[in-house]
Each structure stands twice: as C-alpha cells, then as structure tokens.
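Here is what each chain is made of, one letter per residue.
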Amino acid sequence: MMKRRLHCTSPPWLAVKLLRAFLDEVTSWGLLGDLEEESREIYLRHNRFFARCWYWLRTAEIVLPAIKVAISWRFFMFIHILRFMGRRMRRQKGFSSLNLFGLALGLACCMLIITFVQHELSYDRHHQNFDRIYRVGTDLDFGGGSSGPLAISNYPIGTTLKERYPVVEAAARLRRAFHSVMVTSDEHEFMEEYGFFADNDVFKVFTIPLQYGDPETALSGTGMVAISRSMADKYFGDTDALNQVLTIDNSEEYIVTAVFEDVPNTSHVHFDMLFSFETLLQAMPEQTSRWVGDFGNYSYLLLQTGIDPADIEAEIPGLVQEHLADLLKAVNGRIDMFLTPLADIHLRAQLTAEIGTQGRIEYVYLFSVIAAFILILACINYMNLSTARATRRLKEIGLRKVMGSSRHALMKQILAESLGFSLLATLIALVIVPLSLPLFQQLAGRTLIFSPFTGFMPLIIIAIVGTSGILAGIYPSLVISRWTPVQLFHGISGRRSRNYFRDTLVILQFTVSIALMIAAGLVGQQLHYLRNTELGFDKEQVIILPIQGRLNDDLAAVKAELISYPGIISTGATSQIPGGGTRRNAFLPEGFELSQNNMMAAISVEPDYLTTMGLQLLEGETFRYDRGGRSTEYIINETAMNQIGWDKAVAKSLRELDGQGNENRIIGVIKDYHFESLHNVILPLVLEYNPDHFSNLAIRIQGGQVRNVIEYLEAMWPDIAPEDPFTYSFLDDRINQMYGDEARMSSIFKFFTGLAMLIAVLGLLGLAAYAAEQRIKEIGIRKVLGASVGRLIIMMSKDAVLWSVIANVLAWPLAWYGMGRWLEEFPYRAPISSTVFILSGLGALAIALLTVVTQVMKAAQANPASILRSE
Amino acid sequence: MKPLTKFEEILLLAIWRLKDDAYGVKIRQEVMRVTGENLTYGTLYSALDQLTRKLYATKTIGEPTAERGGRRKIYYTLSPDGSKALRRAQELTKTLWNDVPDMAFE
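From a predicted model like this one, the values you see are computed outputs, not experimental measurements. (Residues numbered from 1 in each chain as written. Chains lettered and ligands numbered in written order. Predicted model: local features only at pLDDT ≥ 70, side-chain atom pairs only at ≥ 80, totals over all residues. Heavy atoms only, no water.)

Engineer: When you look at the overall build of chain B in this model, what are you seeing that I'm missing?
Structural biologist: Each helix and strand in chain B was counted, giving four helices and two strands. Ordered by position from N to C terminus, the α and β elements of chain B give α-α-α-β-β-α. Seen through its C-alpha atoms, chain B measures out along the principal axes to roughly 50 × 30 × 20 Å. Among the 106 residues that make up chain B, the fraction classed as buried is 36%. Carbon and sulfur atoms provide 56% of the accessible area of chain B, an area that totals close to 6600 Å². (Helix = DSSP H or I, 4+ residues; strand = E, 2+ residues; numbered from the N terminus. Buried < 20%, exposed > 50% of the residue type's maximum accessible area, 1.4 Å probe, protein only. Areas by Shrake-Rupley, 256 points an atom, 1.4 Å probe, with all protein chains shown as cover.)

Right, dumping it as structure tokens:
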C-alpha cells in the first residue's frame, strides 16, 4: 500500500501548466493541491487512467469557461474598436482619406523598392551551384598602364585550369557570337541579338534546364546550336526543333541539338542561342593555345565544394609565367587573372567589358535608404495627423478613462486602431503597386515581377504593416493615454501649448523632401551637362549605318552614290562610333625604351571620317585615299602627344606592340575629342586607316533633310545589302543612351522627390487644416477686433515658414555632401550650382505656404459672426 | 450589511460544519453532498475568494503534505462577521418559513 502510494501518479504536466496560466499564485497552489489530493484518492480506489481522466475533467471545467470569457471580451473589444474607427472615418472623411492615402502611398513605394531590391539581389541565384561558380577576369598591363580589371579572359585559361587541377570540376567559355545577326529557318527569318559560343561544360557549370536534348553532348561537336524555348517556338512553332537547321548570316548552318528553358531575367548574361565552341576552334585551331592577343572570352569555373578560390587564383601567375614569361619581361608588363564569384558579378564586381548589363550595389543601398525614408515620412505623417486629430477625440478618451479604462487598455486600443489603419493602407497599396509597376520598371530599367504572396514578400508585407502600424501609433498612444480625464476634458479648448515633437517631425519631413529635391536637381544638371558638353565633334545631324553588304565589298562606290544625293554632305567609315568600345594596345613611341611604351586606344577611320565628324586637325595632315588602305600612317590626339612628351609629333613614328611591329609614321595630331563616354577621361588615341576594321558608316546630312535622307537610304538599302534588314541610328541618340544610368537615376530621383513632397504636403495640409480649425474662434475674435485677412494669414503661416527655413538649413549640407560624393565619380562634372539649392528651398517654402494658406484662407474669410455665434 | 446569497450561505455553512478540516477538497465534497450537484473548483475558489474579501471567512495556510504533491492546504474559518451573517440568514429563513406548513407544496 505504502509503496503504491509513493510512486503514485503525478498529475498531467500539461494540465498543471494550463491551470497555472489561468489562476493567480495563491489560488493555484491551493487548488492544485486539492486536485492532486483528490485524484490520488481516485487512483487508489480505481486506477491511473481513471485518475487522469478525473484530473483533466476538473481542469477543463476551470479552464474552458475562462478561455471563453477571455476570447469573447477581446472579440467584443475588437469589434468595438473597429466600429469606432469606422464611425470616426465617416465623420472625418477628409482627414481620414488624407491620412490613409499618405500611408498607402508610402507603403506602395516601399513595396516597389523592395521588389526592385529583391530582384537585384536574386541575380544568378537560380544556378544550383551558384556559390561554387567563379569567372576568370583579367587585368593587363603591357608596360603602358593598366587596363583595369576586365571581365574577359583569354582562350586557354579555363580549360588549362580544369586539366591541371581536379578541384576545378568544370570550365565553360562563353564568347559573344555575331553582334546582331540574321537567323533563318525554313520558314522564318529574324534578327537575333543574344548568341554565344559555349563549351559543352556550360550545362555543368550553370543550371540550364533542357527541354530537349542531352546536356552531355549537346554542344560537343561542330556546327551545333542550343536554342531557348521561346526561340524554338518562334522559328519552329509546334514542330520539333531538335535536329532542325538554322542558318546564320545566310552562310553558316547549325543543327539544333538542344532546347533550353528561357534564361530568367535575373541572370547576369542573357542568351537565346549557344553555338558549340568547337565550331569556333575548328575555324581557328591555333586559338586554343593563344595566351595573349585575344581576351574576348568569359571563362566560368565550377569548383568543388569547400575549395577556396584564392587557392586557384594563386596558381594562375605560374601558368601565365609558363607561357608568357619572355613577352612580359620584354615589355615590362604583367597579366593578372582573378576569380570573381558569380554572386558578385551583377552588383559588386563592376568590371569593364562586362557580358551583360549590370546593376550597382550602391543603387540597391540608395533605393533601400529612400524606401526607408519614404516609409518614415509616411509614418510621421500618420503620427502627426493622428495626434493632431486625437485632440478631437479627447472627449471620447476622457469618457473611456472615466468609465474605468486603464491606460494600458487605451494604449492597446490606439495601437490596434493604428494597426488596423495600416492594414487598410496596405490593402490600398497592394492595388497601387501593380498599377504603378510599369512606370517603375521603366525608371529602374528592369523587368520586375510583383508577387505579394511568394518568397519573402508576405513576410515583408506583414513586417511593414506591423512596424508602420506600431511606429505610427506608438506616439499618440503614449501621449494621449497619459493625460488625466480632467486634462482631457479641459484640453478640448484649453490646450494650446506648443507641440515640439510634432514640429520636429514636420521639419524632418521637409528636410528629406528638400534634400531629395536638391539631389534631383543636381542629377538633372549633371545629366544635362553630360548630354550637352562640347565633345570635340559635331554630334548633331549624323546618321550611322552598319557596314554590311556592298559597303563591305565596295565602300568607295557606295559612298560616291550616297554623296550624290543632295541631302548628304559627307560620309566616313570607322571602326568605332563615339561611345563604343575601342581596341587598346601598347604603342612604343620612337626613341623610347621598350618598357616605356604607352597604352593607347586605337580606332580605324577613313580619311573622310574626320571631316564628317568635324574633328579638328591641330597639325599635320589627314589620311589620303591615294595612299590606299592599310596605310602605314597614324594620326594621334593631343593627349597621346602630351603623354609621350613630344612638342611636335608629326614626322615621328609609333610602333604597335602586337608582334608584327610595324613602325608607322605620324602624319597629324587632332584636337582631343570624347571618343568614349564622359565617364572616362580622354585616353591617348591612335587613328589608323585600316578598312578591315570598319564597322559603321557615319553620314552627315543637311539640317531639315533627315526624313528625305532616311527615305532615300531605305529605298537604296536593298541595293546595298539585300540580305540584311535596314537599321540605322542617330549619333546623338547613341550618345544620349550612354547616359542611361544617369537618366534613370534622374527620373528615379524625380519620382521619389515627387512622392516625398506629396506625402509631406499631405501631412502639412492636415496639420494646417487642424490648426485653422482649432484656432477658429481666435481668428473670429481677431477679425472682430479689426485684423485684416492678410494679417491673419501671416499669423497662421508663420510656423510653416519657420519650418521650411530650418529644414533648408538642415537639408543643404546633407544634399551638398551626398551629391558631392556622387559627382566625384565623374571626371567631367557640372559644378554644384547654388541655384539648385536656392530654388529647391524656395520651392519647398512656396509649397508649404501654399498648402497652409489654402487651409487658413477658409478660416480667415469666414464671417466671424457665424464662428462666434455658438459660444 | 447585505443578506447572504444562497450559495454563500451554503459555503459558509460547509465551512462551519467542517470546523478544522475546511479546505478545498472537503468543502467541495460537502457542498456537492448538500446540493447534489457538481461544483467546479473554479467556481468554488472564486466564491471562497469573495467570502474572504467580504471578511466572512479567513484564510490560513497549512503545512505541506505528501498526498498533495508537497503543496500546502488553504484552510477557511468562519470570521465573526461570517457568523453574524449566518445568524441573520438563519433568522430570515425561519421568519420566511415560519407559518408555512410542511405539506403546503405537495
């Protein structure tokens, strides 16, 4: 008996926990003791199971009613709060919609930016092994200065690394194939942009799901091409694309060996066609072992798990020395190769000669900061408006207090309202976001997908609702709930003390808006500067045609035909249109040591090109047709002359260090012109006359003849290049496109400035309306005593002026510093002009005044009799 | 002083009857014996709490015992106020039923 009693049942722990949760301390141990005592007796009389059941039954009897009470009261409270919210919103339609709209706008903005940031951060994450993929980049120096880090590398590096080091699981080269090319199937013919030569390993390195075809062999021979699914649909429709033939440029034929799923737009490289690399190597077998001379490949490596890329990186100098020791010693140069993690390519690497368009991590940060700012602005608004408005409901809150509501309960109520409000605002924002997405996509230059219910988005949205609701509600809840009922009832007419907190918030809002305005202004100025700076050539009235068909075979004859048309002034072929990429190589000036060579850009031009573009010859003469193509003459620019250190360059000579080593005579020096974008300083430049390199024809036309000339060109194009479609561009357009980044930045700033200003104005509008309403009696009395409408408006708008001035004082240094940092990146920049600051300041002041005045006007113009009658 | 409710009356009588042994388990059993209906511990304790708050009964904390898992008993005793209230209730009942014969409701 005794023994049985000792190891007798302990009560079920869960039930004990439950009971403790619902009872106070003293009762709980008294009661628990009772239960245990009784259940023990039942256990002794019957069995364990019986005792347990009895215990649970008693627990349920206690706990269930308690739960019921707790829930039902909370539920009633919730309904009650909702009802009050609804009533108040109906009674104060203007206020509520201002408040709601402001918050919704802020939230929508935030969601847009988060969508963008998520998009930017998700680049290349679709590759299964993305954390093990690296790309080999190069930094070259043949003694004449560094090329800077490049995304490209030579032919053999990837394959050599794979052969030598087993930790390199796979190595794939991508090489841009054809610039923009005509692709023909039996039935269709289109221009295609995105073609690459690729090693078969590309399917091992990257995750490229194949719809058809075998990833082991798809690109392992010559004349093979893998195409994207959408391309397969475009060319072959419903028929099976496998083993069909695609003709490139009407000459080369490729067999389709695989169809892959379209590359997602969060890939740093976009391709629709992958041609087998073997094809390229078959045509030029010597390339495989060329360690120098062609850095045009993108080499990707897949390393084994747990391998430190630095170990591989450390092996590369040895390989380079093995093949190029003599050459590098001779020119006192170096070739450094480094590995860039795939994850860094899109946002962080910032390499030259990148494979696709990049983003910038700075923009991601900037956007995030702006999003946070706008969210804060919107919350401040909400906070301000609801504290201001709260004074209208002091009676309600006072009554609640008198009726016994605790401070805690009031705080909870106000917070709950605020949360409900932000939930409502979020719902509105969820409507705004998809509507404004197209506009935002344009601004951001990305194809974005807004999906509120996938990925982290729902969590983020909940977080935003929570934080904005709490952020916006915490201050009013703390302040209002603190007041005593007496204060509350009195406060309705008596509370006139300044609310410094509210003032600070308004000033903060204006500071942010003004800083954004200044930023927008300065970005716009810089953009204007970039687009309108004197470039050293005349960019207007120039049409660019690609060199195709007869332009390739018989340039002189076509040029003669063109020039005979009255609207065309002159034409000139070139290897590079200003803004495009140039060949860089080391050049050795006459009379210098081999190690003292200079890195220069080289462009091939026709004699006519200089006049067509309006380039100025400073000394010497230009090329001449009668001395023929592949001439042995150079023209250099001023910078080249200065860098070498010559006073006069004509009649001196230069040698290009490309292995052939012709000593070419310099026949002229041209004035510096911006052959690259204004993001770069003008480099030393060598012009040569080598028709093999020509890629474009520049055509200068007479003003007002644009349409005629284009019609004429279009009409004669079938005669020039019957197999290619007619494509042309304007030089000034091309140049403006180089500043797409700045243009985007400018429109983004304008967009957000507009938003921030709108939110700030909404807030101010609400506050002004509130102030006017609160002081309406004062205004009435002043009017009766003889104050004019003007004086009243001045009196009421003093605050707004003060706020704007303080906000300006704060915003100017902020904007000056931030934009100074941004502008530092440009070698050529517009000076920071004080007009932008002053205009922004005045603009903000004017907007603030206007907002306030519209609200005050009503009160000031009202008939004092009707205002004062009711007292 | 307000007259006791019937439930308070029953509880106080149970406490009086149990004398030194008036704690949760016993009180509940006594009440259930008298009324013939189930009484939840929740109801019991909130009612006992009220009685102590109204000073009809006082709480004393007993020694912990093993049968109760080492928990102490809470004993309730009738206070002078409680006795007074019970006497009033008794008088009231007597007066009420004074001239009603037993068979009146049969």
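Engineer: Hey, could you run me through the interface of chain B and chain A in this one?
Structural biologist: One widely used convention gives an interface's size as the accessible area the parts lose upon coming together. Of the residues lining the interface, 21 residues belong to chain B; the matching set on chain A comes to 19 residues. Summing both partners gives a buried area of about 1700 Å² for chain B against chain A, and 54% of it is carried by carbon and sulfur. It is B:Tyr41, B:Glu67 and B:Arg71 that lose the most area in chain B upon contact with chain A, and together they represent 35% of the buried surface on that side. In this assembly, chain B and chain A are joined by two salt bridges. With a shortest N-O distance of 3.4 Å, B:Arg28 and A:Glu38 are connected by a salt bridge. When residues of the side of chain B that touches chain A are traced back to their parent elements, those giving at least two are α2 (24-35), α3 (41-53), β1 (57-65) and β2 (71-78) of chain B. (Contact = heavy atoms within 4.5 Å. Buried area = accessible area lost by both parts, 1.4 Å probe. Salt bridge = Lys/Arg side-chain N within 4 Å of Asp/Glu carboxyl O.)

Engineer: Help me understand the environment of A:Phe190, please; the structure alone is not making it clear to me.
Structural biologist: All names here are of chain A. Its location among the elements puts Phe190 in strand β4 (residues 189-192). In this structure Phe190 comes out as partly exposed when scored by relative accessible area, which is 28%. Considering only alpha carbons, one finds Phe190 and Tyr235, 45 residues apart in sequence, at a separation of 8.7 Å. Setting aside chain neighbours within four positions, we find Phe190 in contact with Val181, Met182, Val183, Lys234 and Tyr235.

Engineer: What exactly am I supposed to notice about helix α19 (residues 555-563) of chain A here?
Structural biologist: Residue and element names in this part refer to chain A. Here α19 has its buried residues at Leu555, Val558, Lys559 and Leu562. Relative to the axis of α19, the buried residues are bounded by an arc of 100° and lie together on one face. Packing partners of the buried residues in α19 comprise α18 (550-553), β14 (568-574), α20 (607-613), β22 (696-701) and α22 (706-720). (Arc of directions from axis to C-beta.)

Engineer: Honestly, the sheet that holds β14(A) in this entry has me stumped. Any pointers?
Structural biologist: In any sheet, the strands associate via hydrogen bonds between backbone groups, in a parallel or an antiparallel arrangement. Residue and element names in this part refer to chain A. The four strands lie next to each other as β14-β22-β13-β23, forming an open sheet whose pairing is antiparallel. Each edge of the open sheet carries a strand with a single partner, namely β14 and β23 (729-730). Here α19 sits on the sheet and contacts β14 and β22; the angle it forms with β14, its principal contact strand, is near 160°. Helix-sheet contacts for α22 involve β13 (542-546), β14, β22 and β23, and the interaxial angle to β13 is about 15°. (Pairing = 2+ DSSP bridges. Axes fitted to C-alpha atoms, helices over the stretch in contact; angles between N-to-C directions.)

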